[in-house]
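# Survey of secondary and tertiary structure
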Amino acid sequence: MALPHILKDFNLFGDGHNWQGKIPTLTLPELSRRMSEYEGGGMDGPVEVDLGQEMIEFEWTAGGMLAEVYDTFGSPIHDAAMLRFVGSYESDEDGQVIPVEIVVRGRHKTIAMGEASKGDNNQKTVTTTCSYYKLTINGQEKIEIDLPGYVFRVNGTDRLAERRQALGL
């Protein structure tokens, strides 16, 4: 029998604030590469050429009021806001727990205030565009993307190191 590791619980921290119990849902950032078709003479068909990272966005919902979210809104600094997702993925097959951590830095692009009604938790949805992303699974760094720093590391291998060297960076 093979069962997947299921996200049993998570927490979100924002700019050092512990939001335990205050974030009912979130959409983890999608990792996507910007691709362009290329087909030259002597080729039987096109291939996709990797032109770099697409925009990284993290959408999350706060239950009730988190006043500190507004502190960095509209900041002129590309990495003014820091979010840290921690998740506990667990197997119902053998009980093994795999910790997952995603750290992003960026700006809050939108803060959707949502509907307000007496007695409701009046959820706010925040979209954060990210200039930095790091994924760690079970203590091992899997992906690190530092867009302004021109770093793209997968399993510890920096795939842009030779380009930086060629550019004198």
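Refer to the structure presented above.
As the structure is a prediction and not an experimental result, all values here were calculated from the model.

## Quick look at unusual backbone geometry
Phi is positive for asparagine 122, close to 45°, though the residue is something other than glycine. Tracing the chain through its elements places asparagine 122 in the loop between strand E8 (97-112) and strand E9 (124-137). On the basis of relative accessible area, asparagine 122 is assigned to the buried category, the value being 17%. Positive phi, close to 50°, is recorded for asparagine 155, a residue that is not glycine. Mapped onto the elements, asparagine 155 comes out in the loop between strand E11 (151-154) and strand E12 (157-158).

## Topic: the packing of aromatic side chains
Taken as a whole and judged by the stated rule, the model has 2 aromatic pairs. Residue placement shows arginine 105 over the ring face of tyrosine 132; its charged tip is 4.0 Å from the ring centre.

## Topic: the pairing of strand E10 (residues 140-146)
Relative to E10, E9 runs antiparallel, the two being bridged by 6 bridges. Across the sheet, residue threonine 136 finds its bridge partner in E10, namely glutamate 141. Here E9 hands over to E10 after 2 residues, with asparagine 138 in that stretch at a positive phi of 55°. Where E10 meets E11, 4 bridges bridge the pair, whose relative direction is antiparallel. By the bridge assignment, isoleucine 143 is partnered in E11 with valine 154. Hairpin connection between E10 and E11: a loop of 4 residues separates the two successive antiparallel strands, and tyrosine 150 in this loop has a positive phi of roughly 60°.

Cut-offs used in this document
Residues numbered from 1 in each chain as written. Predicted model: local features only at pLDDT ≥ 70, side-chain atom pairs only at ≥ 80, totals over all residues. Heavy atoms only, no water. Helix = DSSP H or I, 4+ residues; strand = E, 2+ residues; numbered from the N terminus. Buried < 20%, exposed > 50% of the residue type's maximum accessible area, 1.4 Å probe, protein only. Phe/Tyr/Trp six-rings, centres within 6.5 Å; stacked < 30°, edge-to-face > 60°. Lys NZ or Arg CZ within 6 Å of the ring centre and 35° of its normal. Pairing = 2+ DSSP bridges.

What is shown is where atoms sit, not what they do.
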